[in-house]
Amino acid sequence: MSDIQQLTKFTTQVRRDILRMVHAVNSGHPGGSLGCAEFFTVLYQHLMDRKPGFDMDGIGEDIFFLSNGHISPVFYSVLARSGYFPVKELATFRKLNSRLQGHPTTHEGLPGVRMASGSLGQGLSVAIGAAQAKKLNKDKHLVYALCGDGELQEGQNWEAIMYASAKGVDNLIATIDLNGKQIDGTTDEVLSMGNVKAKFEAFDWDVVEIKEGNDIEAIIAGMTHAKSLSGKGKPVCVLLHTEMGHGVDFMMYTHAWHGKAPNDEQLEKALVQNHLEDEIDY
């Protein structure tokens, strides 16, 4: 298979994991997780320079921070299938005494998780701190972060955005998942973000826009371009246009599946739409 075929197959497997994990405990956030499946696949299977194993310091490798921690199902699936912990552990999602809590935590020592991200608005600040630490350590590797668009309604983000450009944190690539939806409706209805690109540019960031955020080749091209802009004095923002619930027709074009699990019948329909011949189940 070509690289794109392999990445597509990996993405389909991730979608199947997300659906099963959330269904099994009738709890979780499938919408945003499904919408970011391609992005996480490209990040961990193609883009980031990762070392085998895991240590919290992350010296000599690229590192990632998930700020909108409620999309933990996609994060856990990609981490497990990228070798950070056993795939069979996905079956413990949101169960008592599991390391795979609804929002990622660090106190259980789950490999791949570098910060607890239940409270929105904090991840970008942590990523900036890690990026500055890499500069102090003369580590040339990059720090990646993912934030939700609704999350930008949190004020701490804008302090961080101002700080990153003022201090020349140019080893940071922050991606914003622009799906236009949040738990209570569209972002325009709840609290309009206005022109997000213009806002980041006004804060003196370089901005890359990926219009087809559920297309693997478009993500590779956009993220590769973003990477080429790093080290030039400015932090880099990637605006990733995705569709919440992508890959499952009845979950798309609505905010309804932000935090709702499919029932048995809905799960079967969704899995049929994401068929995989040689699935490695958990």
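Computed from a prediction, not measured in an experiment: that's the story for all the values here.

Student: I'm lost on helix α10 (residues 264-273) in this one. Help?
Tutor: Among all positions in α10, only Leu267, Ala270 and Leu271 are buried. What you see down the axis of α10 is that its buried residues fit within an arc of 100°, all on one side. Along α10, the residues that are exposed and aim more than 90 degrees away from the buried face are Glu265 and Val272. In this structure, the buried residues of α10 make contact with α1 (3-25).

Student: So what exactly am I meant to see when it comes to the packing of α1 against helix α4 (residues 72-81) here?
Tutor: When two helices pack together, their arrangement is captured by the angle between the axes and the distance separating the axes. At a minimum axis distance of 9 Å, the contact between α1 and α4 shows a crossing angle of 125°. Taken together, the axis directions place α1 and α4 in an arrangement best described as oblique. In terms of crossing hand, the pair formed by α1 and α4 is right-handed. Of α4, the residues touching α1 (which contributes Phe10, Gln13, Val14, Asp17, Ile18, Met21 and Val22) are Pro73, Val74, Tyr76, Ser77, Val78 and Arg81. Here the contact of α1 with α4 is composed, by residue class, of nine nonpolar, two polar and two charged.

Student: Whenever I open this one, the packing of aromatic side chains confuses me. Can you help?
Tutor: Think of a pair of aromatic rings as described by two things: how far the centres are apart, and how the planes are tilted against each other in angle. Following the criterion strictly, the structure yields twelve aromatic pairs and no others. Taken together, a centroid distance of 5.5 Å and an interplanar angle of 80° make the contact between Phe40 and Phe64 edge-to-face. Of this pair, Phe40 sits in helix α3 (residues 37-47) while Phe64 sits in strand β1 (residues 63-66), and the two are 24 residues apart along the sequence. Since its relative accessible area comes to 2%, Phe64 is described here as buried. For the ring pair Phe64 and Phe75, a centre distance of 5.7 Å and an interplane angle of 70° mean the geometry is edge-to-face. Within this pair, whereas Phe64 is found in strand β1, its partner Phe75 is found in helix α4, the two being separated by eleven residues in sequence. Comparing Phe64 with Phe75, the two get one shared label, buried. Among the aromatic side chains, those forming a connected cluster through ring pairs are Phe39, Phe40, Tyr44, Phe54, Phe64, Phe75 and Tyr84.

Student: Help me out: how do you make sense of the environment of Ile216 in this one?
Tutor: Within the secondary structure, Ile216 is located in helix α9 (residues 216-229). Between the C-alpha atoms of Ile216 and Phe39, which are 177 residues apart in sequence, the distance is 7.5 Å. Setting aside chain neighbours within four positions, we find Ile216 in contact with Ile4, Leu7, Thr8, Thr11, Glu38 and Val42.

Student: Whenever I open this one, unusual backbone geometry confuses me. Can you help?
Tutor: A positive phi angle is found at Arg94, which is not glycine, with a value near 65°. Judged by its relative accessible area of 28%, Arg94 is partly exposed. Although it is not a glycine, Asn97 sits at a positive phi angle of roughly 65°. Locating Asn97 in the fold gives a position in the loop between α4 and α5 (123-136). According to the relative accessible area criterion, Asn97 is exposed, its value standing at 79%.

Student: Would you mind showing me how to read the nonpolar core here?
Tutor: Nonpolar side chains tend to gather and get buried jointly when the protein is soluble and globular. Within the largest apolar cluster, 55 residues are counted, with the highest numbers of intra-cluster contacts made by Phe39, Phe40, Tyr44, Phe64, Phe85, Tyr144 and Met223. Setting aside residues up to four positions removed in sequence, Tyr44 forms contacts with Arg50, Phe64, Phe75, Val78, Leu79, Ser82 and Tyr84. Membership of the second largest hydrophobic core comes to 28 residues, among which are Leu152, Trp158, Ile161 and Leu178.

Definitions and cut-offs
Residues numbered from 1 in each chain as written. Predicted model: local features only at pLDDT ≥ 70, side-chain atom pairs only at ≥ 80, totals over all residues. Heavy atoms only, no water. Buried < 20%, exposed > 50% of the residue type's maximum accessible area, 1.4 Å probe, protein only. Helix = DSSP H or I, 4+ residues; strand = E, 2+ residues; numbered from the N terminus. Arc of directions from axis to C-beta. Contact = heavy atoms within 4.5 Å. Axes fitted to C-alpha atoms, helices over the stretch in contact; angles between N-to-C directions. Parallel < 35°, antiparallel > 145°, perpendicular 65-115°, else oblique. Left-handed = near helix turned anticlockwise from the far one by under 90°. Nonpolar A, V, L, I, M, F, W, Y, C, P; charged D, E, K, R; others polar. Phe/Tyr/Trp six-rings, centres within 6.5 Å; stacked < 30°, edge-to-face > 60°. Core = buried A, V, L, I, M, F, W, Y, C linked by side-chain atoms within 4.5 Å.

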